[in-house]
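Remarks on the overall topology
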Amino acid sequence: MVYHWQHLTAPQLRTLAQRDPVAVITLGAIEQHGTHLPLGTDLIIGEGLQAAMLKQLEKQDASVDVVCLPAIAVGASDEHASFAGTLSLPAPLPIATLEAYGESIARAGIHKLMLINSHGGNKSVMDLAALTLRRRCHMRVVKATYTRLPPLAGAMNADELRYGLHGGLLETSMLQHLAPQLVTFEGYTPAAPATPPEGALVSPEGSAAFAWLGEDLSHHGVAGDASQANAALGKRLVHHYAAQLAQVVAETAKLPPLEPSAAAGKR
């Protein structure tokens with residue numbers, strides 16, 4: 001069953017916690033996405049994937065109890081701070097926010113948390129907060145950045161998929177499916193994906209990655225060619241990633257509970 005945290009009463013949440021549900025939080029961002037996509041691209045994609053995931057989960061395995069918290073809209077987006085409209089929190093703040101959310105969830109008696117992430121800058125934030133929650137609250141925290149899930153086979157060129165990392169074919173197609181009214185190609189100029197030279201290990205997202213700012217990618221702060229984006233591809237992508245996220249929830253629900261470690265008890 002699917003529940004929404006803010007719609008429950010305190011007694012209802014207490015009863016639900018006894019069934020060992022999976023809490024879900026979607027992490028997005030509000031930041032520039034070139035001239036053709038809205039500032040809320042990451043948030044729209046994250047919320048769209050969550051909604052599609054919940055529909056698939058209800059069809060596939062209604063026995064899994066999921067309680068969704070409100071999405072966290074603003075994340076760590078300093079790499080896009082030079083462009084108008086970007087909202088960004090200094091890294092310690094979203095880390096502390098996730099830790100505080102996790103502690104509140106644990107106090108309610110829920111110890112499994114899945115994070116759906118749609119913004120690359122949130123990955124390190126999730127890693128640090130999740131480790132703290134594991135140690136401090138004995139909580140299972142599963143981190144699911146959708147772009148790290150197995151890709152949709154044959155959907156797009158491999159370089160575009162991996163290195164068209166901001167405002168490229170992937171994100172633009174998904175937005176054309178989820179919020180077509182917010183996509184505009186007026187004045188759009190394609191940007192090459194941030195593909196490293198043949199044999200090179202160092203690049204913005206290479207095996208040895210360097211820190212980058214949006215303006216390092218291109219004049220408009222994007223990487224990737226969205227000129228062939230379309231809603232039909234976006235629908236397939238949303239369905240594909242939502243199915244995998246539903247699998248992540250189901251697998252998370254089956255994880256055994258964590259017990260306080262012996263070492264922690266000796267402190």
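A brief look at the structure comes next. None of the values given here were measured: they were computed from a predicted structure.

In terms of helices and strands, the chain carries 9 helices and 7 strands. For 267 residues, the compact-globule formula gives about 18 Å, and the C-alpha radius of gyration of the chain, at 19 Å, lands near that figure. Oriented by its inertia axes, the alpha-carbon framework of the chain measures out at about 55 × 45 × 35 Å. When burial is assessed residue by residue, the chain has 49% of its 267 residues classed as buried.

Attention shifts here to the layout of surface pockets. Roughly 940 Å³ of internal volume is contained in the largest pocket. What lines the largest pocket is a set of 35 residues, and nearest its centre among them are Gly120, Lys123, Thr147, Leu165 and Glu205. Listed by contribution, the elements that provide at least two residues to the lining of the largest pocket are α4 (123-137), α5 (158-163) and α6 (169-178). The leading source of residues in the lining of the largest pocket is α4, at 3 residues. Of the residues that constitute the lining of the largest pocket, the class distribution is 15 nonpolar, 11 polar and 9 charged. Its volume calculated, the second largest pocket comes out at about 200 Å³. Lining the second largest pocket are Ala52, Lys55, Gln56, Lys59, His177, Leu178, Lys235, Val238 and His239. Element by element, the count of residues in the lining of the second largest pocket is highest for helix α2 (residues 41-60), at 4 residues. In terms of residue class, the lining of the second largest pocket is made up of 3 nonpolar, 3 polar and 3 charged.

Reading guide: rules and limits
- Residues numbered from 1 in each chain as written.
- Predicted model: local features only at pLDDT ≥ 70, side-chain atom pairs only at ≥ 80, totals over all residues.
- Heavy atoms only, no water.
- Helix = DSSP H or I, 4+ residues; strand = E, 2+ residues; numbered from the N terminus.
- Rg over C-alpha atoms; globule rule 2.2 N^0.38 Å.
- Buried < 20%, exposed > 50% of the residue type's maximum accessible area, 1.4 Å probe, protein only.
- 1 Å grid on protein atoms, 1.4 Å probe; cavity = no way out; pocket = protein on both sides within 12 Å on 5 of 7 lines; lining within 4 Å.
- Points joined across faces, edges and corners; volume = space filled by probe spheres on them.
- Nonpolar A, V, L, I, M, F, W, Y, C, P; charged D, E, K, R; others polar.

Worth remembering: the numbers are spatial, not functional.
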